[in-house]
Structures are given as structure tokens and as C-alpha cells.
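Structure at a glance
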Amino acid sequence: MSSPARPRGLRLAVARKIHLAALRILKCRLIGRICLWAAFSLEKTIRIDWRHQMGEKHESLILDIHIPYCIYPEKYLRHFNATGTNEQKNMYLAALMREVQSYKDELTDYEIRAVNLSGGSATVMKPDLLGRLLSMVRHTLPVAKGAEISFDALPNTIGTPSLTGIAAGHPTRAELMMRSENDEELKTLNCAFRMQNTRNAMLFLHKFHLNNVSLTVNYGIPGQTMVSWHNTLHSCVIMRPEHICVEPLAVTDAEGMPDEQERFELYDHACTYLTDNGYLQYAAGLFCRPHHEYLFESLKLNGTSVLGMGVNAVTVLDGYMTRNTNNCALYVKNAGDFEKLTSEVYIADESFLMKNYVSGRLKLTQGLDAAAFEKRFGQTMPEEIRRELDEKIHEGWISETGGVYTATRRGLFYMA
């Protein structure tokens, strides 16, 4: 049996589910999956019919377009990095455009409310091609009116040429990878820029009237002290971005790095200092001025379906979780061909969706409301989830009041 073809809208949802279930049964000999998928497919179909009867014609969707390229790889960070020639980068953007086109007319039951050019350094690509890509997304896919269109940027790539090119796609938000105010810490991270580049970038972004700007800063850098961390936060506040992302490093045990308690103290100081300076914490490590939450991340944490495009991109949509190949050359070759492009396919059954929703809601400061869970899934929280929540309460990660579970500051630190 061949691999399952790419989903073509909700009308074929049940057929696709049966196809994939059969493939899994042949591989794993788990006959019980037939019953699981029959029940899940029926529930999905009923939920769609109910939504249409209630007049809700479109399900919310967020689009994550992954740009892996960088100037050169930075240390200790979460991003999947790749380096390449200008020709390779241009070929990658052309492949992304093919993948966008391959979804034309296939998302009629969805409305894209947020688009993100992710990866940490999207602006190393040719600016006019980035603008053309975003413009194609707007005109090819069902992007909602007023949708958030965000891009990740390195400070030293922001200037008149780059912003002129990307402006063709009408972005509404920029995520600037400031990392640190301290140039020595930037050198430790192997960043290709210095603090002055961030200051200059902020001036250019405001000049181009892109005023919804977020600064990403990192704690736990080798050699980082409370004083240097405070100076980084202070520099952020002085530049008055609309949003600040306080992010831990992916590696925490390298030589010279703060230990866990010291990292918590850095995080704790950020929470107090930024709140005292007019920023609202709405999720783990995320702070904003009023009405400037990062919509893409907020929707993702609320369990909204995700369509991922690009190398290593993850999709959680219509009962599946898929991952694209992490090989740039294979992605460029196969973009637009779902069977050849996809490296992993999993069943995102109701249990998966419940756990994903619970995990995301706990990262939001509003927390997880048991009544909202029941309304969303049509049942009370399963005993397994309740036991896990009780364990987190015992560990001091979360608290519960009147059926609402909210993370403590230490809990948000561990979940950041």
C-alpha cells in the first residue's frame, strides 16, 4: 500500500482517516485502530456538521512557514539552522511558493488568522522574494481580513532594502532577535550582530511604520549575571517594543551556564521588572503592552490547528500530525508533493488533541478552565489528565480554584 495522499479538504476527511488507519494496521497489526478511527471520524464529521448548522462556516487555522537559513549557526538556541548560497536560498523560497500553491482551493473550510515566517532569521533571504511569498499566501490561501502576518528577523538584516522588499507582503508584525544587550554575551552565542544593530533595526522598523515589534531576549547564557540580565531588560523597556519574549536557551548544561535555580531567579526578575514597567504577562515568557499579544502563539497555545510549510515543519490538522523532511535539498526537490515531502505521519486522535489543549492552556496565564474543556470536547476531563494536573499541583507548578487551573510563576518557568 502506498503512503496516504495529502488531505484535500474536510469532505475527504473520513476516507483519509480510513486510508491511514489501514496503513498503520498493516505495519503494526493493531486491529483496535479500526474502532478508534471509526469513532473519531464519526465524531469529527458530527462536529463539522454542528459547526455549519450554527453558522460557523470556517475553522480557525494558523500558518507556520519555516525558514531554516541563517548567516551562520548560533549556539545553544532552539532553531533548526542551515547555511547556503544565495542560489540555494532562492530555490528554497521557490519551493515554499510551490507548497503554498499546492494548497489552493483545499482549505475552504478554514480561515487563516495568523501567518508566521519562523526560524529566527527569515530576513537573511532575498527581501523581494519574501514579499512575493507573503503576497502569494494572501492571494492563494483563505487568509482572514486583519490577520496577523509576522516574520522573524536578525537585527543586522533590517534596513531600507529588506523592509522595502518584504513590504510587498504587507506584514503586520516583526520578531527581532535581540538576544542580549551585552556584546560579549552575543559573541558567546555566536550571533552575527551586536546591540547597536538592534537599536538601528528598531529605528528602521518605526520608519517603515511597522510598529508592532517584539524583542526576543535569552536568559541562561554562559557568563550571564543578574546585572547583565537586568541591563538587557532595561534596554528592551527603553526601546519600547510592543512585545517582549523572554526565552530560555535550548541547552542548559554547558560550561559557565547558570544552574536551574539561578535561571529561575533570572526569569523571576524578568516577570517582576517587565510587569512593573507596563508589560502584561499573558503566557510563559511572553509579555506585551495592552492589546499586543502575539496572536499566532496565543492561538497555537489554545489548540488551534496548525498548517506547517517548509523544511522540518509540523502540521496538526484534521486528525493528523505530520512533519516535513528535515533535509533542505529533499524539500526543495519535493515541495508540493505531499507523499515525498512528508517524513512522519501520526494520528492526532481526540486524546492527543485533549492533551495538546491542556498543555497549551497551562502556558497561558488565563489557565485551563474545566468547564471550557467540557464545552470544547463534549466531555469532562479524563481521569488520566486529572491525575497529571494533581501531580503538578503537588509539585507546585499549578494551582486550582473553582475548576480553573493556572500555572504558578515557577510552573511557567518550567513550561517556557
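For the structure itself, consult the block above.
Now for a quick tour of the structure. (Residues numbered from 1 in each chain as written. Predicted model: local features only at pLDDT ≥ 70, side-chain atom pairs only at ≥ 80, totals over all residues. Heavy atoms only, no water.)

1. Concerning the overall build of the protein
Each helix and strand in the protein was counted, giving 16 helices and 15 strands. The buried share of the protein, taken over its 416 residues, is 52%. The contacts of the protein with a sequence gap of at least 6 include a subset with a gap of at least 24, amounting to 71%. Carbon and sulfur atoms make up 52% of the accessible area of the protein, which amounts to about 18900 Å² in all. (Helix = DSSP H or I, 4+ residues; strand = E, 2+ residues; numbered from the N terminus. Buried < 20%, exposed > 50% of the residue type's maximum accessible area, 1.4 Å probe, protein only. Contact = heavy atoms within 4.5 Å. Areas by Shrake-Rupley, 256 points an atom, 1.4 Å probe, with all protein chains shown as cover.)

2. A look at the pairing of strand β3 (residues 143-153)
Taken across its 11 residues, β3 has 9 buried, putting it largely inside the fold. What joins strand β2 (residues 110-118) to β3 is helix α4 (residues 127-140), and the crossover it makes is right-handed. Pairing geometry for β3 and strand β4 (residues 173-179), over 4 bridges, is parallel. From the neighbouring strand, Ser150 faces β4, where its bridge partner is Arg173. (Right-handed = clockwise from strand over helix to strand, strands pointing away. Pairing = 2+ DSSP bridges.)

3. Here we look at the packing of aromatic side chains
Following the criterion strictly, the structure yields 12 aromatic pairs and no others. Ring plane angle 80 degrees and centroid distance 5.6 Å describe the contact between Tyr69 and Tyr92, whose orientation is recorded as edge-to-face. Residue Tyr69 is located in the loop between β1 (59-66) and α3 (86-102), and its partner Tyr92 is located in helix α3; the two are separated by 23 residues in the primary sequence. For the pair Tyr69 and Tyr92, one class covers both residues: buried. Taken together, the aromatic side chains of Tyr219, Trp229, Phe264, Tyr267, Trp397, Phe413 and Tyr414 make up a single cluster linked through ring pairs. (Phe/Tyr/Trp six-rings, centres within 6.5 Å; stacked < 30°, edge-to-face > 60°.)

4. Some details on the sheet that holds strand β13 (residues 368-369)
Strand pairing in a sheet relies on backbone hydrogen bonds, with the paired strands running either antiparallel or parallel. The 3 strands are arranged β13-β15-β14 in an open sheet whose pairing can be described as antiparallel. On the outer flanks of this sheet lie β13 and β14 (398-401), each paired with one strand and no other.

5. Here's the deal with the side chain of Thr322
As for its placement among the helices and strands, Thr322 is situated in strand β11 (residues 320-324). Exposure remark for Thr322: the relative accessible area of 8% places this residue in the buried category.

6. Describing the pairing of β1
In terms of burial, β1 is a largely internal element, 7 of the 8 residues being buried. Taken together, the 8 bridges between β1 and β2 define a ladder with parallel strand orientation. Note that in β2 the partner of Leu63 across the bridge is Val115. In terms of handedness, the path from β1 via α3 over to β2 forms a crossover that is right-handed. As judged from the 5 bridges shared by β1 and strand β9 (residues 305-309), these two strands associate in the parallel manner. When the bridges of β9 are listed, Ile65 appears paired with Met309.

7. Quick notes on the pattern of salt bridges
What the rule picks out here adds up to 7 salt bridges. The partner of Arg173 in a salt bridge is Glu175, with the nearest N and O atoms 2.9 Å apart. Taken individually, Arg173 and Glu175 each receive the classification buried, so the pair is uniform in this respect. In this structure, Lys355 and Glu384 form a salt bridge, with 3.0 Å as the shortest nitrogen-oxygen distance. One end of the pair, Lys355, is in helix α13 (residues 350-363); the other, Glu384, is in helix α15 (residues 383-395), and 29 residues separate them in sequence. Given the relative accessible area of 37%, Glu384 is considered partly exposed. (Salt bridge = Lys/Arg side-chain N within 4 Å of Asp/Glu carboxyl O.)

Scope: geometric values only; no functional claims are made or implied.
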